[in-house]
Amino acid sequence: MEINGKRMMERVRELGEIGKDAEGRRTRLAASDEDKAGRDKVVEWMKDAELKVVVDRIGNIFGIWETEENKEKKPIMIGSHIDSVIDAGQYDGCIGVIGGIEVIKRLQETGVKTERPIVVGVFTNEEGVRYSPDMMGSLVYAGGMDIEKVLKTVGTDGTILGEELKRIGYDGTVEPGFLQPEAFVEYHIEQGPIMDVEGIQIGAVENLQGIHWQRVTIEGAANHAGTTPTKLRVDAGLAAAKVNVFLRNLVEQSGGVATVGTIEFEPNAVNVIPSKAVFTVDLRNPKKEKLDADEKALAEYFKELEETDKVKIITERMTEFDPVLFDEEIVEKIEAAAEKRGLSTKSMTSGAGQDAQMLARICPTAMIFVPSVKGISHNPEEYTPDENVIEGANVFLDVVGELAGEK
Ligand code: HGY
Ligand code: MN
Ligand code: MN
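Owing to the predicted nature of the structure, the values given are computational and were not obtained by experimental measurement. (Residues numbered from 1 in each chain as written. Chains lettered and ligands numbered in written order. Predicted model: local features only at pLDDT ≥ 70, side-chain atom pairs only at ≥ 80, totals over all residues. Heavy atoms only, no water.)

Engineer: Looking at this structure, how should I read the domain arrangement of the chain?
Structural biologist: The domain architecture assigned to the chain consists of domain 1 (5-209 + 323-404) and domain 2 (211-321). Distance from the C-alpha centre of domain 1 to the C-alpha centre of domain 2: 34 Å. If you look at the interface, domain 1 gives 15 residues, while domain 2 gives eleven residues. A combined buried area of about 1,000 Å² lies between domain 1 and domain 2, and 62% of that area is made up of carbon and sulfur atoms. (Domains from an automatic or database assignment. Contact = heavy atoms within 4.5 Å. Buried area = accessible area lost by both parts, 1.4 Å probe.)

Engineer: Mind showing me how you'd approach the nonpolar core here?
Structural biologist: Soluble, globular proteins show a tendency: their nonpolar side chains are buried together. In this structure, Met8, Val42, Met77, Ile95, Tyr187, Ile334 and Val395 are the most contacted members of the largest nonpolar core, which totals 89 residues. Of all the elements, helix H12 (residues 386-404) adds the most residues to this core, at nine residues. The residues touching Ile334, leaving out its near neighbours within four places in the chain, are Ile202, Gly203, Ala204, Ala366, Met367, Ile368, Val395 and Val399. (Core = buried A, V, L, I, M, F, W, Y, C linked by side-chain atoms within 4.5 Å. Buried < 20%, exposed > 50% of the residue type's maximum accessible area, 1.4 Å probe, protein only. Helix = DSSP H or I, 4+ residues; strand = E, 2+ residues; numbered from the N terminus.)

Engineer: Please explain the side chain of Ser254 as it appears in this structure.
Structural biologist: Tracing the chain through its elements places Ser254 in helix H8 (residues 236-254). Aside from chain neighbours lying at most four places away, what touches Ser254 is Asn285, Lys290 and Asp294.

Engineer: Whenever I open this one, helix H10 (residues 328-340) confuses me. Can you help?
Structural biologist: Compared with an ideal rise of 1.5 Å per residue, which puts 13 residues at 18 Å, H10 spans 18 Å between its outermost C-alpha atoms and is within 8% of the ideal. Buried within H10 are the following residues: Ile330, Val331, Ile334, Ala337 and Ala338. For H10, the arc enclosing every buried residue in end-on projection is 125 degrees, short of the 170-degree limit, so these residues lie on one face. Along H10, exposed side chains directed more than 90 degrees from the buried face belong to Glu328, Glu329, Glu339 and Lys340. On its buried face, H10 is in contact with strand E5 (183-189), strand E6 (202-208), strand E15 (345-350), strand E16 (365-370) and H12. The N-capping residue of H10, defined by a side-chain oxygen 3.2 Å from the backbone nitrogen of Glu329, is Asp327. (Expected span 1.5 Å × (residues − 1). Arc of directions from axis to C-beta. Polar contact = N/O pair within 3.5 Å; in protein donor to acceptor, adjacent residues only side chain to side chain.)

Engineer: Is there a simple way to think about the coordination of the manganese ion (ligand 2) in this case?
Structural biologist: Four donors placed tetrahedrally about a metal ideally form angles of 109.5 degrees, and six donors placed octahedrally ideally form angles of 90 or 180 degrees. Bound to the manganese ion (ligand 2) on the protein side are His81 (NE2), Asp92 (OD) and His188 (NE2), at distances that span 2.1 to 2.3 Å. Written as a sequence motif, the donor arrangement for the manganese ion (ligand 2) is H-x10-D-x95-H. (Donors = N, O, S within 2.8 Å, 3.2 Å for Na, K, Ca; no water.)

Engineer: I tried to follow the coordination of the manganese ion (ligand 3) on my own but got confused; where do I start?
Structural biologist: The protein atoms that coordinate the manganese ion (ligand 3) are Asp92 (OD), Glu127 (OE), Glu127 (OE) and His378 (NE2), at distances of 2.1 to 2.7 Å. The sequence pattern describing where the donors of the manganese ion (ligand 3) fall on their chain is D-x34-E-x250-H.

Engineer: Any chance you could explain the environment of Leu325 here in plain terms?
Structural biologist: Summarising the element assignment, Leu325 is placed in strand E14 (residues 324-325). On the basis of relative accessibility, which here comes to 71%, the residue Leu325 falls in the exposed class. The spatial distance from the C-alpha of Leu325 to the C-alpha of Asn207 is 4.4 Å, given a sequence separation of 118 residues. Those residues in contact with Leu325, other than ones at most four positions away along the chain, are Glu206 and Asn207.

Engineer: Quick question: what am I supposed to make of the pattern of salt bridges here?
Structural biologist: Opposite charge on two side chains permits them to pair, given that their charged atoms come into close proximity. Applying the stated rule across the entire model yields 36 salt bridges. Between Lys71 and Glu68 there is a salt bridge, with the nearest N and O atoms lying 3.2 Å from each other. Residue Lys71 is classed as partly exposed on the basis of its relative accessible area, which comes to 34%. Taking the relative accessible area as the measure of exposure, Glu68 reaches 59% and is therefore exposed. A salt bridge links Arg317 to Glu295; the shortest N-O distance between them is 3.1 Å. Of this pair, Arg317 sits in strand E13 (residues 312-321) while Glu295 sits in helix H9 (residues 288-309), and the two are 22 residues apart along the sequence. The exposure class of Arg317 is partly exposed, given its relative accessible area of 37%. Judged by its relative accessible area of 13%, Glu295 falls in the buried class. (Salt bridge = Lys/Arg side-chain N within 4 Å of Asp/Glu carboxyl O.)

The structure is reproduced here in structure tokens:
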């Protein structure tokens, strides 16, 4: 059995057009109007597949395919996210949602019955760009955060998540976690270079690296850019730059990765020494002990910097997700399905955070990757050739059909 590749790719491109601004930049930040437009389109496709659509209180959307015979059984859950980063690609998350609906539709069209229901989920705010933390909807679904607290989250634009979900009409009624899955499988692009470089068609994802986010505020002293002698400066901007260089040296030793993705200066004027620098640190490593050691080294460096640069440093923890191991049996099913289709396969680590890492807290979980050309992602140049997307979706169809007990 094969998915309908034409239909799937048309939908990837159709969703890819949603949320583009006048300059053609694709951005669908969680609970924004653009996210709403994407959600509405996905709900339309779910209804086209005659799925029962349910929205939970954190705005996660579920398309449920169940029959009288199987509805008492725990479902196989599939899915991903359609919210994006700023100026994003069109595959990240979307192929897992569109692919999930496609898998169900193909099983329906071929008259296949399954022992278990199949549910395709669209998780709120996987990216965490507007509201922190990332993987928020799946984390709440898995019981990792309290829904009342999360709905009060203040965004980078000062909005309140719960109010925004209500405004876009996705403030659902059912409690997150209302369906306990038998297993979860997420279909996703690699977003890294390994499969492209090695010519691998299917990634069987066996684990996912730990992710720590923190917000750092460095307080210095504003002063005149021209009249203040170097040795009298208390320069928050310089201290922030030193932290970034320290992080790069740190992870080159530990084998992790570090990113200062956002930074703001105050008063942010060309001829004023910054009195304040506020930036985020995204620190990751597949090994928990190394990630914790890097965090410790960074905290010690902050103390040192307060001495040498006479600045004050305040840190605020945003996320702290440990590395995750996925389910070996499902990983083996993915590898076997790829081999049966004559596709090359490799077991992989996910460098990116994923909704699957949260579902792994409540059920056996694994992921299927397809290559990202040149490893580019979180960038409009993100690209996976149609044939790779379709090959991956066919493996996804095989694995989900097997897990659901197709008959
Ligand atoms: O941050 C991540 O890795 C994911 O894209 N949210
Ligand atoms: Mn993603
Ligand atoms: Mn992403």
